[in-house]
Structures are given as structure tokens and as C-alpha cells.
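Commentary on secondary and tertiary structure
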Amino acid sequence: MEMNLFCPFYSDELWKVNPMNVANNINGVGNCVRTEVYTLKHKDLTIVQEAVTRKFVQELKGFDNLYYEVCNEPYFGGVTMEWQHHIVDIIVDEEKEFADKHLISMNIANGRAKIENPHPAVSIFNFHYAHPPDTVEMNYELNKVIGENETGFRGKEDVLYRTEGWDFIIAGGALYNNLDYSFTCKHPKGTLLKYNSPGAVSYTHLR
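Being a predicted model, the structure only gives us computed values, none of them experimental.

1. Let's talk about the side chain of N21
You can see N21 is positioned in the loop between helix 1 (12-16) and helix 2 (43-59). At 3.0 Å, the side chain of N21 forms a polar contact with the backbone oxygen of W15.

2. Some points on the pairing of strand 3 (residues 104-110)
Of all seven residues that make up strand 3, five are buried, and the element is covered over most of its length. In this sheet, strand 3 lies alongside strand 2 (residues 67-71) in parallel orientation, the contact comprising two bridges. Within strand 3, the position partnered with E69 by the bridge is S105. For the crossover from strand 2 across helix 3 (residues 81-94) to strand 3, the handedness is right-handed. Bridge count for strand 3 against strand 4 (residues 124-128) is five bridges, and the pairing is parallel. Looking at the pairing, N110 lines up with H128 of strand 4.

3. Topic: helix 5 (residues 158-170)
The terminal C-alpha atoms of helix 5 lie 18 Å apart, and with 13 residues this matches the ideal 18 Å at 1.5 Å per residue to within 8%. Every buried residue of helix 5 is listed here: D158, L160, Y161, E164, G165 and F168. Buried residues along helix 5 cover an arc of 165 degrees about the axis, so they all sit on one side. Counted as exposed and oriented over 90 degrees from the buried face of helix 5: V159, W166 and I170.

Criteria and thresholds
Residues numbered from 1 in each chain as written. Predicted model: local features only at pLDDT ≥ 70, side-chain atom pairs only at ≥ 80, totals over all residues. Heavy atoms only, no water. Helix = DSSP H or I, 4+ residues; strand = E, 2+ residues; numbered from the N terminus. Polar contact = N/O pair within 3.5 Å; in protein donor to acceptor, adjacent residues only side chain to side chain. Buried < 20%, exposed > 50% of the residue type's maximum accessible area, 1.4 Å probe, protein only. Pairing = 2+ DSSP bridges. Right-handed = clockwise from strand over helix to strand, strands pointing away. Expected span 1.5 Å × (residues − 1). Arc of directions from axis to C-beta.

Structure follows, in C-alpha cells:
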């Protein structure tokens, strides 16, 4: 299971209602634009983000079925690599006395990208929409997990995502999953057939 710690603000509307925004808290933190939230430019925000990270790490200490991903789609909204590496350092520091430590992931890009100067504590490098799976070969020499942890927007047919998953794994990738909006709280078996969002309809789950 992936535990995603942070996510960028894709629009000003999202930042406007976020509790890290100075307008929404009584602590006086977050007096900045949304593209500076995850940048280390504002010490007050960084302190809060460090505390949240440490809280998650402590609360989930006993769960061995998850890894931490620093930030979903950091390539949107001004998230800096320095800030991401800082959060990795916080996770490592908080777990330093743990007998069992968790894997740490970073989301690198949509499609493909060459990973430069990776943080040594990061074990999983995730990509979105990595079809074809060129990014696996591009980063294979790292000898780390290369994953495709989100894909969709190719239609609703199962075969599109089954074959994409096989292509990615056979190419040397180690992690794959796709969007599937046929699963909802009211449709836990994937039986919602009428929806406009991406992902497979998953008739196979009904058999």
C-alpha cells in the first residue's frame, strides 16, 4: 500500500481552502502563494510539514504493508526537489530507531524522465502514464524499483490496462496500478458502469 504524504495544489481554489493557508488557521502560518508551499522558503510551513510527517511515521510504525511516497505529482505546483529530499531526511530520522523501516518513494514524472542525483534513501521511483515503458530502461542502472503507480485516460477497456501492466513489468518495472472509477463506496465490486472519468470498467472483477 502506498501512503502519500503530500500533494501539490493544482489551482488557487485548492490552496484557498487548505488548512496550511494562513487564512484558514489560527497559527499564522502559510502566508504565501500555493507554488511556495513545498519549497523550504517558509520556515513556519516547513516546521508544520515536518511535524505531520513525523506523526504519520510514528502512527504507522507497526504497519509492514506500506511504503511512503513523499508527494503525489510534485512536478505540478512548484514542489522543489530540495523540499522532497528534506522530507525524505525527516522520514529517515524519525525511523532511525525502528527495528523495521519502511521503503520511501518519490513520484518523478508523467511519462518518462532520467533520474538525476537520486536521494540514497529512496528505494522506489514512481511514474505516471509511463506507456510505453521507456522510463524503465532509462533508469535501470539505478537498481531500484521503477514503478508506474497511476495510469488511465486511454479508454475504459480492460485490455488497455492489462496489456500496459504486462508491458511495464516485462520491461523490468516492479510496480503497476491503474485508475478504475468503476469502484466506489456504493460499488465495492467495480460494478459502476456509467461514469465519465478514466480507467477500466473492470467487467473481469464481476466474473
